[in-house]
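Each chain, written out:
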Amino acid sequence: MNDLPSKSAGKPASQSASQPASAPLPWREKISYGIADMGFNFYWTNIATFLLFFYTEVFGISAAAAASMMFSIKLINAFTDPLIGAVADRTTTRFGKFRPYLMWMAVPLGCAAVLTYTTPDLDGDGRLFWAYGTYLLMMVCYTAINIPYNALSGVMSADPQERSTINGLRFICAFGGSMLVTAATPAMVKALGAGDDERGWQLTMAAWAIAACVMFVITFANTRERIAPPPQQKTNVMQDVRDLSRNGPWVVLFFLALIIMVTITLRTTTAAYYFKYVVGQPEQMGTFVSVYMFAAAVGAAASPLLTRFIDKKKLMIILMSATAVLSAAYFFIPPDQVWLMFVLQACMGLVLGPKSPLAFSMYADTADYNEWRTGRRATAMTFAAATFSQKLGTALAVAVIGALFTTLGYVPNAAQSPDSTAGIVWLMSLIPAAFALLAVGVMCCYHLDAATLRTIQSDLAARKPASRNSGEEPDAPSDAPVHPNPSPVR
């Protein structure tokens, strides 16, 4: 792709016309983009790893009530994702479409997160009402900044390999942030609370929120948007949704993201209970998750190298197959073999680390495919609907945990029954392994290979100059696939 149209054609003033969208990005910009995801994981890792534990052990509501609340809010919030994506796609400022949200929503997200980890002086029903309201507010604010951030990676460069590098660096920072949160949060709660866990959690979240705000500002200041929709594109939200529903590769990724989030959330959320009630060493939890995050960061760093030699589809199938095997292995580990748990956890991090940058690079590819096929581009909507599926996956996983805990008689802060203990083990091993195998099956339906992507990028680059010279929106190509195989890409 060539650079964006001139300022008179509607290019945001912050975008540089001197650098083509296909040119290599400076490392400062790549690293600055990744830093924001460290900030996002100051929130996300706390939610995924500690929030259910906080609600049941500190806030004072039952596992069933907490799981039901989290499922309901995730479900509601998931439906806000496409709306926010549609708004972001239609935002026009001198700073671009997506970057301004990093500034606009940083402080509201931080305040909402602190309120979520605040325990009010209310009775049981009052606390549950507070939990519903603050958690919903936090998730909506998170969505309003995270979806534009995700979309930003799709408009910084048109080069698929550059996108892999951008997202590889992003997830190195993300896993680094997750590792820091899981290792430091318990100690921060203890130190800041000075024996008062309620106050400790509140102040700890405030510290993470301040740090995240600084990182969002760094990303805003050092990144640029270089890819814009066709100059005179006019679509409504329903047209964007219809385009996505007919975008076969994106549909595959939608279900893949849902299934993978179920797989990961089951293990991440269950880990605190596993070490407390099965292993009997809750103090190992922070180190256990940190080992995973460190290994995942190494895996993410290897992602750009792996995609140079292995097609993205094949690589994803290999990664999820290995995940299934490693997860199932936990079923056979005796509770006293903690060292073996750590070894398998490190291996799990290495194979799941490349998954995240790989998936986000593929989302950007499907946005290109959509523009190539229809003549229309909706980058934020593409990422928003993907985030929608991830949140549904997280909600489903929490619902599974809550339902299983309730059925098997889980009792917080007490010795567990054999059935309850067995359920925790299944949630750490065989159940996520089954979902990982399902992800492999879904990925077999993905058909955007490297050769097809090269053809799409070539066609889009050729279209742009003609579009600018004529001042007209480019004609949408026919629905005939560019892929030479007889199986169409839909």
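Note that this is a predicted model, so its numbers are computed, not measured. (Residues numbered from 1 in each chain as written. Predicted model: local features only at pLDDT ≥ 70, side-chain atom pairs only at ≥ 80, totals over all residues. Heavy atoms only, no water.)

Peer 1: What is the right way to read the overall build of the protein chain from this model?
Peer 2: When you go through the protein chain residue by residue, the secondary structure sums to 18 helices and zero strands. About 18,200 Å² of surface is accessible on the protein chain, with carbon and sulfur atoms providing 67% of the total. (Helix = DSSP H or I, 4+ residues; strand = E, 2+ residues; numbered from the N terminus. Areas by Shrake-Rupley, 256 points an atom, 1.4 Å probe, with all protein chains shown as cover.)

Peer 1: Explain the packing of aromatic side chains here, please?
Peer 2: Where two aromatic rings form a pair, the distance of their centres and the angle of their planes describe that pair. Following the criterion strictly, the structure yields 35 aromatic pairs and no others. Aromatic pair Tyr 277 and Tyr 410: ring centres 5.8 Å apart, planes at 80°, arrangement edge-to-face. Linking Tyr 277 in helix 10 (residues 248-278) with Tyr 410 in the loop between helix 15 (379-408) and helix 16 (418-428), this pair joins segments that are 133 residues apart in sequence. Since its relative accessible area comes to 15%, Tyr 277 is described here as buried. (Phe/Tyr/Trp six-rings, centres within 6.5 Å; stacked < 30°, edge-to-face > 60°. Buried < 20%, exposed > 50% of the residue type's maximum accessible area, 1.4 Å probe, protein only.)

Peer 1: Help me understand the nonpolar core in this model?
Peer 2: Grouped burial of nonpolar side chains is what soluble globular proteins tend to show. Among the nonpolar cores identified, the biggest contains 152 residues, and Tyr 43, Tyr 55, Tyr 135, Phe 216, Tyr 274, Phe 288 and Met 316 are the most heavily contacted of them. Top element by residues in this core is helix 10. It accounts for 20 residues. The contacts of Phe 288, once residues within four sequence positions are left out, are Ala 271, Phe 275, Tyr 330, Met 341, Phe 342, Gln 345 and Met 428. (Core = buried A, V, L, I, M, F, W, Y, C linked by side-chain atoms within 4.5 Å. Contact = heavy atoms within 4.5 Å.)

Peer 1: Would you mind showing me how to read the pattern of salt bridges here?
Peer 2: One side chain can pair with another of opposite charge once the charged atoms of both are near each other. Applying the stated criterion to the full structure yields 11 salt bridges. A salt bridge links Arg 226 to Glu 29; its shortest N-O distance comes to 2.8 Å. Here Arg 226, found in the loop between helix 8 (197-222) and helix 9 (237-245), pairs with Glu 29, found in helix 1 (residues 27-59); they are 197 residues apart in sequence, far enough to count as distant. In this structure, the salt-bridge partner of Arg 163 is Asp 368, at a minimum N-O distance of 2.5 Å. You can see Arg 163 sitting in helix 7 (residues 160-193) and its partner Asp 368 sitting in helix 14 (residues 355-374), a full 205 residues away along the chain. Given a relative accessible area of 0%, Asp 368 falls into the buried group. Among the charged side chains, a network of salt bridges with common partners joins Arg 163, Lys 312, Asp 365, Asp 368, Glu 371 and Arg 377. (Salt bridge = Lys/Arg side-chain N within 4 Å of Asp/Glu carboxyl O.)

Peer 1: Where do I start with the environment of Leu 438 in this structure?
Peer 2: Of note, Leu 438 is situated in helix 17 (residues 430-443). Separated by 117 residues in the primary sequence, Leu 438 and Ser 321 place their C-alpha atoms 9.5 Å from one another.

Peer 1: Which parts of the structure should I look at to understand the environment of Cys 445?
Peer 2: Structurally, Cys 445 can be placed in the loop between helix 17 and helix 18 (450-470). With 192 residues separating them in the primary sequence, Cys 445 and Leu 253 have C-alpha atoms 9.6 Å apart.

Peer 1: Hey, could you run me through unusual backbone geometry in this one?
Peer 2: What you tend to see is this: most non-glycine residues have negative phi, and most peptide bonds are trans. Not every positive phi belongs to a glycine, and Ala 194 is a case in point at roughly 50°. With a relative accessible area of 69%, Ala 194 lands in the exposed category.

Peer 1: What am I meant to see in the packing of helix 1 against helix 8 here?
Peer 2: Helix packing geometry: the angle between the two helix axes and the distance between the axes. Where helix 1 contacts helix 8, the axes come no closer than 8 Å and their chain directions differ by 160°. Compared by their axis directions, helix 1 and helix 8 come out roughly antiparallel. With respect to the hand of their crossing, helix 1 and helix 8 are arranged in left-handed fashion. Taken together, the residues of the contact of helix 1 with helix 8 sort by class into 19 nonpolar, five polar and four charged. (Axes fitted to C-alpha atoms, helices over the stretch in contact; angles between N-to-C directions. Parallel < 35°, antiparallel > 145°, perpendicular 65-115°, else oblique. Left-handed = near helix turned anticlockwise from the far one by under 90°. Nonpolar A, V, L, I, M, F, W, Y, C, P; charged D, E, K, R; others polar.)

Peer 1: Which parts of the structure should I look at to understand helix 2 (residues 63-78)?
Peer 2: Along an α-helix, a turn takes 3.6 residues, which lines up residues three or four apart on a common side. Its 16 residues place the ends of helix 2 22 Å apart at the C-alpha level, agreeing with the 22 Å of an ideal helix rising 1.5 Å per residue. For helix 2, every residue scored as buried is listed here: Ala 63, Ala 66, Ala 67, Met 69, Met 70, Ile 73, Lys 74, Asn 77 and Ala 78. Taken end-on, helix 2 shows its buried residues confined to a sector of 160°, consistent with a single buried face. Where helix 2 is buried, its residues contact helix 1, helix 3 (80-89), helix 6 (124-152) and helix 15. (Expected span 1.5 Å × (residues − 1). Arc of directions from axis to C-beta.)

Peer 1: How do you make sense of the side chain of Arg 377 when you look at a structure like this?
Peer 2: Within the secondary structure layout, Arg 377 lies in the loop between helix 14 and helix 15. Accessibility expressed as a relative area gives 3% for Arg 377, which makes it buried. There is a polar contact of 2.8 Å between the side chain of Arg 377 and the side chain of Glu 371. (Polar contact = N/O pair within 3.5 Å; in protein donor to acceptor, adjacent residues only side chain to side chain.)

Peer 1: I keep staring at the side chain of Glu 57 and nothing clicks. Help me out?
Peer 2: Its location among the elements puts Glu 57 in helix 1. Not counting chain neighbours up to four residues away, the residues in contact with Glu 57 comprise Lys 276, Tyr 277, Tyr 410, Pro 412 and Asn 413.

Peer 1: Looking at this model, I keep getting lost on the packing of helix 1 against helix 2. Mind explaining?
Peer 2: It is at 8 Å that the axes of helix 1 and helix 2 come closest, and there the two elements cross at 145°. Here helix 1 and helix 2 pass one another in a crossing that is right-handed. Where helix 1 abuts helix 2, its residues Trp 44, Ile 47, Leu 51, Leu 52, Tyr 55 and Thr 56 lie against Ala 63, Ala 66, Ala 67, Met 69, Met 70 and Lys 74.

Peer 1: Help me out: how do you make sense of the environment of Asn 46 in this one?
Peer 2: Here Asn 46 lies in helix 1. Sequence-wise, Asn 46 and Trp 208 are 162 residues apart; in three dimensions their C-alpha atoms are separated by 9.6 Å. Residues contacting Asn 46, with those up to four places away along its chain left out, are Asn 41, Leu 51, Tyr 117, Val 181, Thr 185, Trp 201, Met 205 and Trp 208.

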